[in-house]
Amino acid sequence: MQGLWLESGSLDFREDLEEPLAVRNETRVKILRAGVCATDLALLRGYMDFCGVPGHEFVGIAIDGPLRGQRVVGEINASCGSCDTCKSGMEGHCPTRTVLGILHRPGAFAEQIRLPTANLHRVPDSLPTDWATFAEPAAAAFEIREQVALSPGSRALVQGDGRLGLLCAQVLALEGLTVEVSGRHPEREEWLPNGIGHLGTEPNGKGRPGYDLVVEASGDPYGIVSALNAVRPRGTVVLKTTTEPSPEANGDLDLAQLVVNEISLVGSRCGPFEPALDALNEERLIVAPMIEAHYPLSEGQRAFDRASQRGVLKILIDVNDDDAN
Ligand SMILES: [Zn+2]
Ligand SMILES: [Zn+2]
């Protein structure tokens, strides 16, 4: 089958990839569309020493299993289901998990993938395929709600006006928080719903605006430094992006601040798909303005190049035709 193969920092279109075989409790999925994510760009730079087919944000059609013939999206962590971590309900943290397109499981920049059937969610008929490719990052934004008690009316700052930041800001606004976003693209305020304000570029580490909640989604290694400066005493900082290690930024990190101000620091990764699909379908979560371009699978390298340009939000790769099921 066709797919994109990432190895030693290069991405190649190949037509000789093995189709996934049928496996019990797993479903094969014909990929319609897949989104290029910052994690994919990091993999290309060498993150995780990844070798194989990347891609984890997808919409496809189930080839077999109970959802056969239906449009689906999928949670990306495939866990063993039987270890203590899994049994305690933390399947996403299973020590032997594989992760679609990231860790020991071929990803969605290919004609077909395979995922545990339990990971799949049916896409509502009224939800366009393009929008549904945001289910995975939108679910990650909804994870904040699972981890932190959000009180309507409290003030939140989202650092970073990239895709994940804009999704997090929208989810917090849906929960009734007063939300401001900082970042390099104030023009994005135009289409942000629910009165979300854009502050432009925040000067790093100046002042103490006293936000109840700061979500760091800028991907900047100094993001945590400015987040700790922006949050109020006993406030919460949620870290949403995995930044590459930066000894300089870590040197500027004053952990005593955390103690003195009794700040809660929360790491936050993948989240629940159902509220994400509902919000996308009901247009409570706006994603259409983030889609910059589509590329065919055979032009994967160009798609990645475009996705890594500054200011580009979302690049989608068209794999199979929607109507060819
Ligand atoms: Zn992603
Ligand atoms: Zn497990």
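Up top is the structure.
Read on for a plain summary of the structure. (Residues numbered from 1 in each chain as written. Chains lettered and ligands numbered in written order. Predicted model: local features only at pLDDT ≥ 70, side-chain atom pairs only at ≥ 80, totals over all residues.)

**Structural notes on the packing of helix H4 (residues 135-147) against helix H9 (residues 273-281)**
In step 1: H9 packs onto H4 with a crossing angle of 115° between their chain directions and a minimal axis gap of 8 Å. With respect to each other, H4 and H9 are oriented roughly perpendicular. In the packing of H4 onto H9, the handedness of the crossing is right-handed. Across the interface between the two elements, Ala-135, Ala-138, Ala-139 and Phe-142 from H4 touch Phe-273, Pro-275, Ala-276, Leu-277, Ala-279 and Leu-280 from H9.
In step 2: Here the residues of the contact of H4 with H9 sort into 10 nonpolar, no polar and no charged. (Axes fitted to C-alpha atoms, helices over the stretch in contact; angles between N-to-C directions. Helix = DSSP H or I, 4+ residues; strand = E, 2+ residues; numbered from the N terminus. Parallel < 35°, antiparallel > 145°, perpendicular 65-115°, else oblique. Left-handed = near helix turned anticlockwise from the far one by under 90°. Contact = placed C-beta atoms within 7 Å. Nonpolar A, V, L, I, M, F, W, Y, C, P; charged D, E, K, R; others polar.)

**Some words on unusual backbone geometry**
In step 1: The phi torsion at Asp-49 lies on the positive side, around 50°, for a residue other than glycine.
In step 2: Among the secondary structure elements, Asp-49 is positioned in the loop between helix H1 (38-44) and strand E4 (57-62).
In step 3: For Asp-49, a count of 7 C-beta atoms within 10 Å gives the class exposed.
In step 4: In the Ramachandran plot, Glu-262 falls in the positive-phi region, its phi being about 50° despite a non-glycine side chain.
In step 5: Structurally, Glu-262 can be placed in the loop between helix H8 (255-260) and strand E15 (264-267).
In step 6: Using a count of 9 C-beta atoms within 10 Å as the deciding quantity, one classes Glu-262 as exposed. (Buried ≥ 20, exposed ≤ 12 C-beta atoms within 10 Å, placed from the backbone.)

**Quick look at the pairing of strand E10 (residues 155-159)**
Each regular strand carries side chains that alternate between the two faces of the sheet.
In step 1: The element E10 is extensively covered by neighbouring structure, given that four of its five residues are classed as buried.
In step 2: For E10 and strand E11 (residues 178-182), the ladder comprises five bridges, and the chain directions are parallel. Within E11, the residue paired with Val-158 across the bridge is Val-181.
In step 3: Considered for its hand, the β-α-β crossover made up of E10, helix H5 (residues 163-174) and E11 is right-handed.
In step 4: In this structure, E10 lies alongside strand E13 (residues 211-216), joined through four bridges in parallel fashion. Bridge assignment links Gln-159 to a residue of E13, and that residue is Glu-216. (Pairing = 2+ DSSP bridges. Right-handed = clockwise from strand over helix to strand, strands pointing away.)

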